[in-house]
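Per-entry structural report
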Amino acid sequence: MFSPQTEEKFSKLVSRYPSKRSALIPMLLFAQDEKGPLTGEIVDYVARYLHLTPLEVEEVISFYSMLTKKPRGKFHLQVCTNISCMLRGADKIWERVKEKTGLKPGQVSADGVVSIEEVECMGACTTAPALQVNYDFYENLTVERVDQLLEDLGRRKGPDTSPDSEQMESSPRRRHDAEHPRATRLLTAGMAAKDSRSLENFLAREGYQTAEKVLKSMNADQIIEEVKKSGLRGRGGAGFSTGMKWGFVPRQSPKPKYLVCNADESEPGTCKDRPLLEYDPHQLIEGMIIAARALECHQAYIYIRGEYRYLFNIVSRAVEEAYARGFLGKNIFGSGWNLELATHTGAGAYICGEETALLESLEGKRGYPRIKPPFPAVVGLYGCPTVVNNVETLSAIPHILKNGGEWYAKFGPEKNGGTRLFSVSGHVERPGNYEVPMGTTLRTLIEDFAGGVRQGHQLKAIIPGGSSTPILTADKIDTPLTFEDIAKAGSMLGSGAVIVMDETTCIVNVARVLTRFYAHESCGWCVPCREGTVWMRKIFNRYHDGFGRKEDIDLLDSVAKKILGHTHCPLGDASAMPVISAIKNFRSEFEEHLKLGACPLEKNLVAV
Ligand SMILES: Cc1cc2nc3c(=O)[nH]c(=O)nc-3n(C[C@H](O)[C@H](O)[C@H](O)COP(=O)(O)O)c2cc1C
């Protein structure tokens with residue numbers, strides 16, 4: 001049914017996992033890449049291949065937004081209108097795409113060439129506004145560039161957007177790590193070179209030497225001790241001590257142990273793992289080798305969000321290169337240690353960034369979060385002890401083991417060791433990913449690194465840690481970027497995504513866009529989250545359009561507070577916190593909408 005190349009991909013996939021079912025999501029994606037919509041025939045084929053029922057395959061297809069049973073054009077345009085893109089004019093881009101193509105969302109042009117879709121965050125926040133043509137990113141868009149792109153597609157002069165296109169991997173359109181003379185180059189040290197992702201370049205930077213030394217001279221306890229000393233706290237969002245987490249894995253367990261790198265990066269505003277994967281994949285692999293030794297684990301996976309397909313290709317190639325040199329596989333560096341490492345692709349579901357949902361997804365299921373405890377360190381992938389760590393966390397490990405935990409800790413203040421890569425997006429002069437020591441203030445990051453609020457405008461609000469963290473008022477700009485200081489200021493450091501808003505921003509609209517995202521991404525398992533996010537979305541839509549009612553403000557606050565703390569996983573909290581903080585810190589703006597019967601900042605809206 002499929003080409004020999006796709007069949008080969010299928011058989012390689014299946015060999016990567018102890019359970020065949022784990023291959024399901026990537027297999028469906030590869031099947032779709034070749035054949036288009038996932039027809040009943042494809043479902044039956046995949047089900048037979050993996051010894052599943054067609055129903056088990058169908059329930060997975062209906063969960064992931066990138067898997068589809070509907071036809072698409074040869075060029076499928078997906079325009080992001082989530083927060084960072086919205087702040088930089090995504091609505092105009094989306095309107096232009098609809099106007100120029102004459103298509104409605106989901107429609108395919110009569111000649112089958114183009115289809116369009118409005119999508120949530122795709123991880124191009126510092127290069128917003130952005131769209132994807134199939135898997136290919138187009139960033140820093142203007143209306144003129146959209147016109148040009150659509151003309152090219154119309155004349156079928158479009159780029160090679162096949163999933164394995166090399167053009168996509170080296171696209172000059174991107175550059176999302178921002179150069180700055182005062183940046184602390186630790187994790188981003190190697191990125192300046194043009195060929196930084198190549199193994200040769202990595203080896204020239206003493207790459208893999210630390211892993212070799214560690215494997216030949218340190219035991220698990222010694223590695224964990226060094227990581228504890230470093231004060232490294234997880235860069236995925238929760239900020240848990242990495243050394244402590246590693247220490248929870250029961251060493252005596254007779255079961256296999258797993259290490260999983262979380263490269264799902266889907267929190268709106270966040271795109272800092274992208275440059276680490278794109279420009280320095282070997283740094284991550286070296287970190288994973290050391291982590292695996294500390295956990296006494298012999299099998300590791302890198303779970304990469306589906307939209308980052310070109311990164312899946314780049315990282316997969318880096319893994320192959322590492323195998324070819326004996327840095328992965330059996331008897332690494334002649335140390336007697338074995339480690340198998342495989343890349344895995346998601347298929348569009350924010351919830352799969354949550355570690356237990358990620359593990360479900362890696363097992364080939366819908367991404368429903370698991371109830372904790374037990375925590376993954378004890379019962380994780382396939383019911384075995386598992387550590388899930390973020391890309392940035394693991395990329396820091398070689399530096400810690402090379403220079404010592406104390407050296408790393410000294411970059412930041414107490415309990416906040418090291419540097420961190422912050423994605424600064426929104427209304428700043430120079431959006432970008434900036435590496436700075438922990439404890440740097442929001443002011444330094446925004447004004448010195450990101451060039452300050454765009455010219456002629458004033459700061460109004462900051463989201464300091466990704467879309468799920470409470471919105472801060474401008475007077476909090478002198479807060480240091482530590483977990484504790486940002487909490488004291490009333491928010492969370494989260495995923496390190498700093499979203500900057502100036503006085504032209506309507507906070508009601510910001511809360512509306514964020515609520516739309518959480519309503520879209522709720523997995524539907526917990527009633528407060530499933531129903532509450534949709535209620536809030538409906539209220540916000542009419543409220544922002546000028547059809548608000550007096551009681552809506554307290555109603556929104558009350559719905560959000562009924563979600564907060566009442567769901568199995570923190571997605572519910574994530575949806576509630578921006579709303580509660582918007583009402584608390586910007587209530588007068590909500591009231592003004594009521595008074596005017598319209599958005600005070602978008603006077604073109606119809607007043608009633
Ligand atoms: C809804 C939700 C989404 C998340 N998304 C991500 C993500 O995209 N990437 C990530 O590393 N962690 C994400 N996390 C955090 C993970 O659950 C987990 O804490 C993290 O991967 C652990 O790695 P760390 O200790 O290195 O931070 C998310 C958590 C929640 C609740």
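Along each chain, residues carry numbers from 1 onward, in the same order as the chain's sequence is written. Owing to the predicted nature of the model, reporting of local features is limited to residues with pLDDT of at least 70; listing and counting of side-chain atom pairs is limited to 80 or more, with chain, interface and lining totals taken over all residues. The side-chain figures draw on all heavy atoms in the structure; neither hydrogens nor water molecules are used.

Attention now goes to the sheet that holds strand β4 (residues 136-138). Two strands are counted as paired when DSSP detects at least two bridges linking them. Counting from the N terminus, the helices are the DSSP runs of H or I reaching at least four residues and the strands are the DSSP runs of E reaching at least two. Here four strands make up an open sheet; going across it, the order is β2-β1-β3-β4 and the pairing mixed. Because the sheet does not close on itself, it has two edges, and the strands there are β2 (114-119) and β4. Adjacent strand axes in the sheet meet at a mean angle of 25°, parallel and antiparallel pairs treated alike. Note that strand β3 (residues 131-133) and β4 share three bridges and pair antiparallel. Counted as the bridge partner of L131 is Y138 from β4. Each of β1 (75-80), β2 and β3 is contacted by helix α6 (residues 90-101), which is oriented at about 155° to β2, the strand it contacts most. Pairs of residues are marked as contacts when any of their non-hydrogen atoms sit within 4.5 Å. Every angle, taken between N-to-C directions, lies between 0 and 180 degrees, and every axis is a line fitted to C-alpha atoms, over only the stretch in contact when it is a helix. Strands in contact with helix α7 (residues 143-154) are β1, β3 and β4; relative to β1, the strand with the most contacts, it is inclined by about 165°.

So, about helix α2 (residues 24-35). Take the residue count of a helix, subtract one, and multiply by 1.5 Å to get its expected span. Over its twelve residues, α2 extends 16 Å from the first C-alpha to the last, a length consistent with the 16 Å expected when each residue adds 1.5 Å. Residue burial is assigned from relative accessible area. The probe radius is 1.4 Å, only protein chains are included, and a residue is buried under 20% of its type maximum, exposed over 50%, and partly exposed in between. For α2, the buried fraction is high: nine of the twelve residues fall into the buried class. For α2, the set of buried residues is L24, I25, P26, M27, L28, L29, F30, A31 and Q32. Buried-residue contacts for α2 involve α1 (4-14), α3 (40-50), α4 (54-61), α15 (309-324), β8 (337-345) and α16 (355-362).

Let us now look at the pairing of strand β12 (residues 459-463). With four of its five residues buried, β12 lies for the most part within the structure. As defined by bridge partners, β12 adjoins strand β14 (residues 497-502) across four bridges and the pair is classed as antiparallel. Paired with I463 across the two strands is I499, which belongs to β14. Bridge count between β12 and strand β13 (residues 472-473): two bridges; the pairing is antiparallel.

Attention shifts here to the environment of Y518. Here Y518 is to be found in helix α21 (residues 507-521). When its relative accessible area of 0% is taken as the criterion, Y518 is described as buried. Residues Y518 and M218 lie 300 residues apart in sequence; the distance between their C-alpha atoms is 44 Å. The contact partners of Y518, leaving out residues within four places of it in the chain, are E267, Y350, S467, S468, T533, L571, A574 and S575.

This paragraph deals with the domain arrangement of the protein chain. An automatic or database domain assignment is the source of the domain bounds shown. What the domain assignment lists for the protein chain is domain 1 (4-61), domain 2 (75-160), domain 3 (189-409), domain 4 (419-502) and domain 5 (507-596). For domain 2 and domain 4, the distance between their C-alpha centroids amounts to 28 Å. Every contact between the two is made by six residues of domain 2 and, on the other side, 13 residues of domain 4. Two parts placed together each lose some accessible area under a 1.4 Å probe, and adding up what both lose gives the buried area. Summed over both sides, the interface of domain 2 with domain 4 buries roughly 720 Å², with 64% coming from carbon and sulfur. Counting the surface domain 2 buries against domain 4, the share from its top three residues, L87, R88 and T126, is 73%. In what follows, salt bridge is the name for a side-chain nitrogen of Lys or Arg lying within 4 Å of a carboxyl oxygen of Asp or Glu. There are zero salt bridges connecting domain 2 and domain 4. Think of a polar contact as two N or O atoms within 3.5 Å of one another; within protein, one of them needs to be a possible hydrogen donor and the other a possible acceptor, and neighboring residues in sequence only count if both atoms come from side chains. Our count for the domain 2 to domain 4 interface comes out at four residue pairs in polar contact (both at pLDDT 80 or more). Residue type decides the class: Asp, Glu, Lys and Arg count as charged, Ala, Val, Leu, Ile, Met, Phe, Trp, Tyr, Cys and Pro as nonpolar, and the leftover types, Gly among them, as polar. Partitioning the side of domain 2 that touches domain 4 into residue classes produces three nonpolar, two polar and one charged.

Attention shifts here to the nonpolar core. If you look at the biggest cluster of nonpolar residues, it comprises 126 residues, and the most contacted ones within it are W246, L259 and I289. It is helix α14 (residues 281-295) that provides the largest number of residues to this core, a total of nine residues. In this description, a nonpolar core means a group of buried Ala, Val, Leu, Ile, Met, Phe, Trp, Tyr and Cys residues linked to one another through side-chain atoms lying within 4.5 Å. Core analysis: the second largest hydrophobic core is formed by 32 residues, I499, F540, L556 and C599 among them.

A word on the sheet that holds strand β10 (residues 419-426). Picture the strands of a sheet paired through backbone hydrogen bonds; they go either parallel or antiparallel. A sheet is described by the order of its strands in space; here five strands give the open sequence β11-β10-β14-β12-β13, paired in mixed fashion. Taken across any chain shown, the strands that pair with only one partner, and hence form the sheet edges, are β11 (432-437) and β13. As judged from the six bridges shared by β10 and β11, these two strands associate in the antiparallel manner. Looking at β11, one finds that L421 is bridged to E435.

Further remarks concern the environment of E592. Along the chain, E592 turns up in helix α24 (residues 571-596). Sequence separation between E592 and E429 is 163 residues; the distance between their C-alpha atoms is 29 Å. Among residues more than four places away in sequence, those in contact with E592 are A598 and P600.

That bond from A128 to P129 is cis: its omega, -5°, falls within 30 degrees of zero. By the secondary structure assignment, P129 is in the loop between β2 and β3. Between K372 and P373 the backbone carries a cis peptide bond, its omega angle lying at -10°. By the secondary structure assignment, P373 is in the loop between α16 and β9 (386-390). Even without being glycine, E206 reaches a positive phi, approximately 65°. Assignment of secondary structure puts E206 in the loop between α9 (199-204) and α10 (209-217). With phi around 50°, F333 is a residue other than glycine that occupies positive phi space. Position of F333 among the secondary structure elements: in the loop between β7 (329-332) and β8. On the accessibility criterion, F333 (12% relative accessible area) is buried.

Let us now look at the state of the cysteines. When the sulfur atoms of two cysteines come within 2.5 Å, that pair is taken as a disulfide. If you walk through the whole model with that rule in mind, you get zero disulfides. This cysteine, C121, is not joined by any disulfide, and C125 carries the nearest cysteine sulfur, 3.7 Å off. We note that C523 lacks a disulfide partner, and the nearest cysteine sulfur, in C526, lies 6.3 Å from it.

With that out of the way, let us pick up the pairing of β10. With respect to burial, β10 is a largely interior element, eight of its eight residues being buried. Along β10, one buried face is formed by T419, L421, S423 and S425 and the opposite face, lined by R420, F422, V424 and G426, is buried too. Linking two consecutive strands that pair antiparallel, namely β10 and β11, is a turn of five residues. For β10 and β14, the ladder comprises four bridges, and the chain directions are parallel. Each residue of the ladder has a partner; that of V424, found in β14, is V498.

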